[in-house]
Amino acid sequence: MGITLVNRKDRRLRRRWHIRKTVSGTSGCPRLAVMVSNRYIYVQAIDDEGAVTVASVTNAGKSGSRTSVAVAGELGTAIAGKLKEKGVERVVFDRGGYRFHGRVKAVADAVVEAGVSL
């Protein structure tokens, strides 16, 4: 037996698996998944029962600041607008193993302010 070194990505993925065991989306209440990289932020509303992406937004390919908290808030407002167009009023939030802090929290707060409940 030896010491197993686990890096930051592996720890995040382990937390993500624990979250995904309990969080699941339906057509009426999709899962709002957030993925934050060093360059971009991706937000998707996913119906896990039908294996369908209901709506998605990203800042990939857009000019300006890429991963600031302000950009995350704009993405949250944009995904909420798309969801309201499709008649979705409630989502379950999947933080993807990230801390509920900074950009991830900004997305969630913007979605709630735009009128979609978590």
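Above this text you will find the structure in question.
Criteria and cut-off values
- Residues numbered from 1 in each chain as written.
- Predicted model: local features only at pLDDT ≥ 70, side-chain atom pairs only at ≥ 80, totals over all residues.
- Heavy atoms only, no water.
- Salt bridge = Lys/Arg side-chain N within 4 Å of Asp/Glu carboxyl O.
- Helix = DSSP H or I, 4+ residues; strand = E, 2+ residues; numbered from the N terminus.
- Buried < 20%, exposed > 50% of the residue type's maximum accessible area, 1.4 Å probe, protein only.
- Polar contact = N/O pair within 3.5 Å; in protein donor to acceptor, adjacent residues only side chain to side chain.
- Contact = heavy atoms within 4.5 Å.
- Expected span 1.5 Å × (residues − 1).
- Pairing = 2+ DSSP bridges.
- Axes fitted to C-alpha atoms, helices over the stretch in contact; angles between N-to-C directions.

What to know about the pattern of salt bridges
Next up, step 1: Overall, the coordinates contain four salt bridges when judged by the stated rule.
Next up, step 2: D94 is the salt-bridge partner of R31, the closest N and O atoms lying 2.8 Å from each other. Of this pair, R31 sits in strand β1 (residues 31-36) while D94 sits in strand β4 (residues 92-94), and the two are 63 residues apart along the sequence.
Next up, step 3: R31 sits in the buried class, given a relative accessible area of 8%.
Next up, step 4: In this structure D94 comes out as buried when scored by relative accessible area, which is 3%.

Some thoughts on the side chain of N59
Next up, step 1: For N59, the position within the fold is in the loop between β3 (52-58) and α2 (69-85).
Next up, step 2: A polar side-chain atom of N59 sits 2.8 Å from the main-chain amide nitrogen of I41.
Next up, step 3: If we ignore the near neighbours within four places in the chain, the residues touching N59 are R39, Y40, I41, R66, T67, V71 and L75.

A few points about α2
Next up, step 1: The end-to-end C-alpha distance of α2, which contains 17 residues, comes to 25 Å, matching closely the 24 Å that a straight helix rising 1.5 Å per residue would cover.
Next up, step 2: Of the positions making up α2, those classed as buried are V71, A72, G73, L75, G76, I79, A80 and L83.
Next up, step 3: On its buried side, α2 packs onto β1, β2 (41-47), β3 and α3 (103-113).
Next up, step 4: Positive backbone phi, approximately 85°, marks G87, located one or two places after α2.

Considering the sheet that holds β4
Next up, step 1: One open sheet accounts for four strands, arranged β3-β2-β1-β4; its pairing is mixed. This sheet does not close on itself; its edge strands, each paired only once, are β3 and β4. Neighbour-to-neighbour, the strand axes of this sheet turn through a mean angle of 20°, independent of strand direction.
Next up, step 2: Packing of α3 onto the sheet brings it into contact with β1, β2 and β4, and relative to β1 it is tilted by some 145°.

This is a description of form; function is not addressed.
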